[in-house]
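In case you want the letters, here they are:
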Amino acid sequence: RHAFWETQPVGQFKDLGDKSLPEGPIELPIPISEVKQEPYNLPNLYEWTTCDIDSEETRTEVYNLLTNNYVEDDENMFRFNYSKEFIRWALRPPGYFRNWHIGVRVKASKKLVAFISGVPARIRVRDEVVKMAEVNFLCVHKKLRSKRLAPVMIKEVTRRVHLENMWQAAYTAGVVLPTPVTTCQYWHRSLNPKKLIDVQFSRLGARMTMSRTIKLYKLPGSTATPGMRKMELRDVPAVTRLLRNYLSQFVVAPDFDEDDVEHWLLPTENVVDSFLVESPETHEITDFCSFYTLPSTILGNPNYSTLKAAYSFYNVSTRTPLLQLINDMLILAKQKDYDVFNALDVMHNETFLKELKFGPGDGQLHYYVYNYRIRHALKPSELGLVLL
Ligand code: MYA
Ligand code: JJ1
């Protein structure tokens, strides 16, 4: 059934109920000198390239490949359209490796036709912090699909990760592979219902008119929480403390230090937005919320070309009720002209989704860990990790 995945050190479907298998690495590390030193072979017409994501020209090539060939919904109406600035941010976190940004070109024309990337991360599984690669942006040009290029790319990124003495990886996919750590549901909160209905992202509910729908999703003109403001550089230590403490309760979560928080959570225009609540009395940082920006191309609509979507990232409430904090974030996203606010049912998100008028989408997101067995599948609410 899975000619490639059956050969890989990942939990196999046949082992799902097996209580004798221990939690932790499936295969043990080998000496770096014994890791294959040459790249895997590609079909003869193609060659490997390391993509210098700091070069405007290469970044544009990766952007164009993804814009035209990356993830679509099940009815091919929308396609993720990660911006160039987003790609640069996603691929250059603290300690990143240039040679984990892997492209495939046509030898003759040098056209970029496939891509896969890894970035390093420390991810805690129960009480163990594991150095992993986060693998993302696996993409093969539409004209080169089903030629078994993806397994070669996955083996090549694995080889390059091994050369840095890392032996585990975390990744997400819309497809079921052996075997998910957990399966999350996408939820959507309409901010611009008229446009969402016009482009068939959503439908007019039964017994609903457009004006009733617009009224249903209307939000206050301004936020309710005193002391809510944009996160700044000076907040990095306090936000790191708040977030580390919050994430410690989940079974799987990133082990963020101040450098990670500065990179992943300090606001970057049109990439990541984050807000916090500073107590007007004590000036303590008590609450935090964030989203990242990932528009989708609307395929074949005469009136609209992009859907502006915000995705819930990391949120922490200690004093402001989570419902109020997230409602304020919806207001801020609406002010910034987002059409929809998306969230997964991870962490404590279940506690606000229904009340804040999110509805379940038709998409799911499966989370995976490579070469690390997690004995029982987790509930989405036990997961403290959001991948881009
Ligand atoms: S998820 C986003 C993936 N990208 C897209 O969905 C964009 C649109 N689709 C495409 O570009 C292609 O369809 C892709 C497959 C490239 C996805 N993850 O070459 P093939 C398996 C893992 O003939 P193609 C993301 O970026 C499939 O089950 N495996 O197929 C995270 C089959 O294997 P098997 C996948 O359609 C990526 C084989 O590939 C995925 O031309 C994490 C077929 O290959 C998928 N999303 O190309 C990657 N889709 O026979 C794993 C299909 O066994 C990282 N397949 O069923 C693992 C950790 C590595 C580092 C380890 C370090 C220690
Ligand atoms: O966005 C998604 N679905 C939308 C659009 C559906 C269009 C037809 N297929 C959706 N809309 C309904 C919204 C509605 C608003 C009012 C309340 C009720 C709900 O459901 C889905 C997620 O739901 N997205 C995708 O399918 C994109 C791919 C998801 C898998 C991603 C894999 C990522 C790889 C990561 O590395």
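Everything that follows concerns the structure shown earlier in this document.
The structure presented is a predicted model; accordingly, all values stated were derived computationally and were not measured.

A. Spotlight on the overall build of the protein chain. Along the protein chain, the regular secondary structure elements total nine helices and 17 strands. Here the C-alpha radius of gyration of the protein chain, 21 Å, is about what a compact globule of 388 residues would show, namely 21 Å. Expressed as lengths along the three principal axes of its C-alpha atoms, the size of the protein chain is roughly 60 × 50 × 45 Å. Sequence-distant contacts, at least 24 apart, represent 75% of the contacts inside the protein chain between residues at least 6 apart. Counting every atom, the protein chain has about 18,400 Å² of accessible surface; 50% of that belongs to carbon and sulfur. One finds the centroid of the 48 positive side-chain charges in the protein chain at a distance of 6 Å from the centroid of its 46 negative side-chain charges.

B. Quick peek at the sheet that holds strand β12 (residues 296-298). Strand order in this open sheet of three strands is β2-β12-β13, and the pairing throughout is antiparallel. The outermost strands of the open sheet, each flanked by one partner alone, are β2 (78-80) and β13 (306-307).

C. Molecular detail of the site of ligand 1. Around ligand 1 sit 32 residues in total, of which H2, W5, L138, S146 and A150 are the nearest. One of the side-chain N or O atoms of R145 is found 3.3 Å from an oxygen atom in ligand 1. For ligand 1, whose free accessible area comes to 1,200 Å², the fraction covered by protein is 88%. Looking at the shell around ligand 1, the elements that each hand over two or more residues are β5 (128-140), α3 (149-162) and β6 (168-173).

D. Examining helix α7 (residues 258-265) more closely. Those residues of α7 that fall on the buried side of the exposure criterion are D260, V261, H263, W264 and L265. Buried-residue contacts for α7 involve α2 (84-91), β4 (112-125), α6 (236-247), β10 (272-278) and β11 (285-293).

E. View of the environment of P220. Here P220 shows up in the loop between α5 (210-216) and β8 (228-230). Judged by relative accessible area, which is 47%, P220 ranks as partly exposed. Residues P220 and N327, 107 residues apart in the sequence, show an inter-C-alpha distance of 9.3 Å.

F. Just the side chain of H263, in detail. Here H263 lies in helix α7. A relative accessible area of 17% means that H263 is categorised as buried. A polar atom in the side chain of H263 sits 2.8 Å from the backbone oxygen of W89. With residues near it in sequence (within four places) discarded, H263 still touches W89, R92, P93 and P94.

G. Geometry of the site of ligand 2. In the vicinity of ligand 2 lie 24 residues, with D73, E75, H188, F201 and D362 positioned nearest. Considering ligand 2 on its own, with 860 Å² of exposed area, one finds that the protein chains cover 84% of that surface. Among the elements of the structure, β7 (182-190) and β17 (359-370) are those that each provide at least two residues to the shell around ligand 2. When the residues that make up the shell around ligand 2 are grouped by side-chain class, the tally is nine nonpolar, ten polar and five charged.

The rules behind each value
- Residues numbered from 1 in each chain as written.
- Chains lettered and ligands numbered in written order.
- Predicted model: local features only at pLDDT ≥ 70, side-chain atom pairs only at ≥ 80, totals over all residues.
- Heavy atoms only, no water.
- Helix = DSSP H or I, 4+ residues; strand = E, 2+ residues; numbered from the N terminus.
- Rg over C-alpha atoms; globule rule 2.2 N^0.38 Å.
- Contact = heavy atoms within 4.5 Å.
- Areas by Shrake-Rupley, 256 points an atom, 1.4 Å probe, with all protein chains shown as cover.
- Lys, Arg positive; Asp, Glu negative; His and termini not counted.
- Charge placed at Lys NZ, Arg CZ, Asp CG, Glu CD.
- Pairing = 2+ DSSP bridges.
- Near = heavy atom within 4 Å.
- Polar contact = N/O pair within 3.5 Å; in protein donor to acceptor, adjacent residues only side chain to side chain.
- Buried < 20%, exposed > 50% of the residue type's maximum accessible area, 1.4 Å probe, protein only.
- Nonpolar A, V, L, I, M, F, W, Y, C, P; charged D, E, K, R; others polar.

By themselves, these observations are geometric and do not establish any function.
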